[in-house]
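Listed here are the chains, written in short residue letters.
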Amino acid sequence: MKFAVLVFPGSNCDLDMYHAIKDELGEEAEYVWHDTKDLSGYDGILLPGGFSYGDYLRCGAIAQFSNVMSEVKKAADAGKPVLGICNGFQILTEAGLLPGALLRNKNLKFMCRTVELTVVNNNTMFTAEYAKDQVIQVPIAHGEGNYTCDEETLASLKANNQIVFTYTNDNPNGSVEDIAGIINERGNVLGMMPHPERAVHELIGGTDGLALFKSIVKQWRESHVSHA
């Protein structure tokens, strides 16, 4: 499986994402600059964390207009897995690929620590390798991770089982319903604030994030690789 790791001016988690795919999964990964106009050669699209365009105006608000985002939308429409982590999640909401928005943390401070997440929905291409309600430990590092949406959107998220991850006991940012990650209705676009790519090896604190990437690869192989 071949992944595109998107790189915007100000991205700083692209190296972590590349390492997780290339070194821990053993799959193909390439850095793809934000002005790229063709993503057809990639099987999965990864939007890393960081501070795209310095977070000026609003997190992800400028990045949504990059050339590559029209290609990300095409990939999503084609059913390819699209994963946005932290700033990548913010970009996906700004681009309209996921509902809601990310506001400043409730304490107005940048938060950087490991948190516990509950896998609310393990029936997705991103979470099939987890057990339902499994509690995992994944790092966070954000200043604007406070997920919010209107009541109608929240009701829709619940009805369609689009809430994938929630903060287990300690909501660090004030997100509505303790939401840490959501998918689109089709189930192929996931946005989350915690960093699973920073939880793929014991040397860096644990491997609870690795199953997310393994889930993507397993689903892709089952769908695309012949068993003949």
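- An unreviewed UniProt entry annotates the protein as Phosphoribosylformylglycinamidine synthase subunit PurQ of Paenisporosarcina quisquiliarum.
- Entered under Subunit (unreviewed entry) in the UniProt record, the comment concerning the protein runs "Part of the FGAM synthase complex composed of 1 PurL, 1 PurQ and 2 PurS subunits."

1. Structural notes on the nonpolar core
Move 1: Leu 6, Ile 45, Phe 165, Leu 212 and Phe 213 are the most contacted members of the largest nonpolar core, which has 68 residues in total.
Move 2: The biggest single contributor to this core is helix H5 (residues 210-224), with seven residues.
Move 3: Excluding anything up to four places from it in sequence, Phe 213 contacts Met 17, Ala 20, Ile 21, Leu 25, Leu 83, Ile 85, Pro 196, Glu 197 and Val 200.

2. Notes on unusual backbone geometry
Move 1: Residue Asp 55 is not a glycine yet carries a positive backbone phi of 60°.
Move 2: Among the secondary structure elements, Asp 55 is positioned in the loop between strand E3 (44-47) and helix H2 (67-77).
Move 3: Here Asp 55 falls in the buried class, since its relative accessible area comes to 18%.
Move 4: A positive phi angle is found at Cys 86, which is not glycine, with a value near 55°.
Move 5: As for its position among the elements, Cys 86 is in the loop between strand E4 (82-85) and helix H3 (87-94).
Move 6: A residue is classified by how much of its surface remains accessible, and Cys 86, at 5% relative accessible area, is buried.

3. Side note on the packing of aromatic side chains
Move 1: Summed over the entire model, instances satisfying the criterion amount to three aromatic pairs.
Move 2: The interplanar angle of 20° and the centroid separation of 4.6 Å between the aromatic rings of Tyr 18 and Tyr 31 together place this pair among those described as stacked. Of the two residues, Tyr 18 is situated in helix H1 (residues 14-25) and Tyr 31 in strand E2 (residues 28-33); the sequence distance between them amounts to 13 residues.
Move 3: What makes Tyr 31 partly exposed here is its relative accessible area of 38%.
Move 4: Between Tyr 130 and Phe 165 the ring centres are 6.4 Å apart and the planes differ by 85°, which places this aromatic pair in the edge-to-face class. With Tyr 130 in the loop between strand E6 (111-119) and strand E7 (135-142) and Phe 165 in strand E9 (residues 163-167), this pair connects stretches of sequence that are 35 residues apart.

4. Points about the pairing of E7
Move 1: Of all eight residues in E7, six are buried, a share of seventy percent or more.
Move 2: With eight bridges joining them, E6 and E7 adopt antiparallel strand pairing. Opposite Arg 113, over in E7, you have Ile 140 as the bridge partner.

5. Examining the environment of Ala 101
Move 1: Assignment of secondary structure puts Ala 101 in strand E5 (residues 101-103).
Move 2: By relative accessible area, Ala 101 is classed as partly exposed at 27%.
Move 3: Placed 76 residues apart in sequence, Ala 101 and Leu 25 show a C-alpha to C-alpha distance of 31 Å.
Move 4: Ala 101 has contacts with Thr 93, Asn 146, Tyr 147 and Thr 148, leaving out every residue within four places of it along the chain.

6. Let's talk about H3
Move 1: The buried fraction of H3 is high, at eight of eight residues.
Move 2: Following H3 by one or two positions, Gly 96 has its phi on the positive side, about 80°.

7. Quick look at a nonpolar patch on the surface
Move 1: Residues Tyr 56, Leu 57 and Ile 62 make up a contiguous nonpolar surface patch of roughly 370 Å² in combined accessible area.
Move 2: Mapped onto the elements of the fold, Ile 62 is located in the loop between E3 and H2.

8. Observations concerning the pattern of salt bridges
Move 1: Applying the stated criterion across every chain, the model contains nine salt bridges.
Move 2: Here Lys 218 and Glu 129 are joined by a salt bridge, their closest N and O atoms 3.2 Å apart. Taken as a pair, Lys 218 in helix H5 and Glu 129 in the loop between E6 and E7 lie far apart in primary sequence, 89 residues in all.
Move 3: Taking the relative accessible area as the measure of exposure, Lys 218 reaches 40% and is therefore partly exposed.
Move 4: On the accessibility criterion, Glu 129 (38% relative accessible area) is partly exposed.

Cut-offs and rules
Residues numbered from 1 in each chain as written. Predicted model: local features only at pLDDT ≥ 70, side-chain atom pairs only at ≥ 80, totals over all residues. Heavy atoms only, no water. UniProt positions renumbered as here; feature names shortened; annotations may be inferred. Core = buried A, V, L, I, M, F, W, Y, C linked by side-chain atoms within 4.5 Å. Buried < 20%, exposed > 50% of the residue type's maximum accessible area, 1.4 Å probe, protein only. Helix = DSSP H or I, 4+ residues; strand = E, 2+ residues; numbered from the N terminus. Contact = heavy atoms within 4.5 Å. Phe/Tyr/Trp six-rings, centres within 6.5 Å; stacked < 30°, edge-to-face > 60°. Pairing = 2+ DSSP bridges. Patch = residues over 30% accessible without salt bridge, like charges linked within 9 Å, V, L, I, M, F, W, Y side chains within 5 Å. Areas by Shrake-Rupley, 256 points an atom, 1.4 Å probe, with all protein chains shown as cover. Salt bridge = Lys/Arg side-chain N within 4 Å of Asp/Glu carboxyl O.

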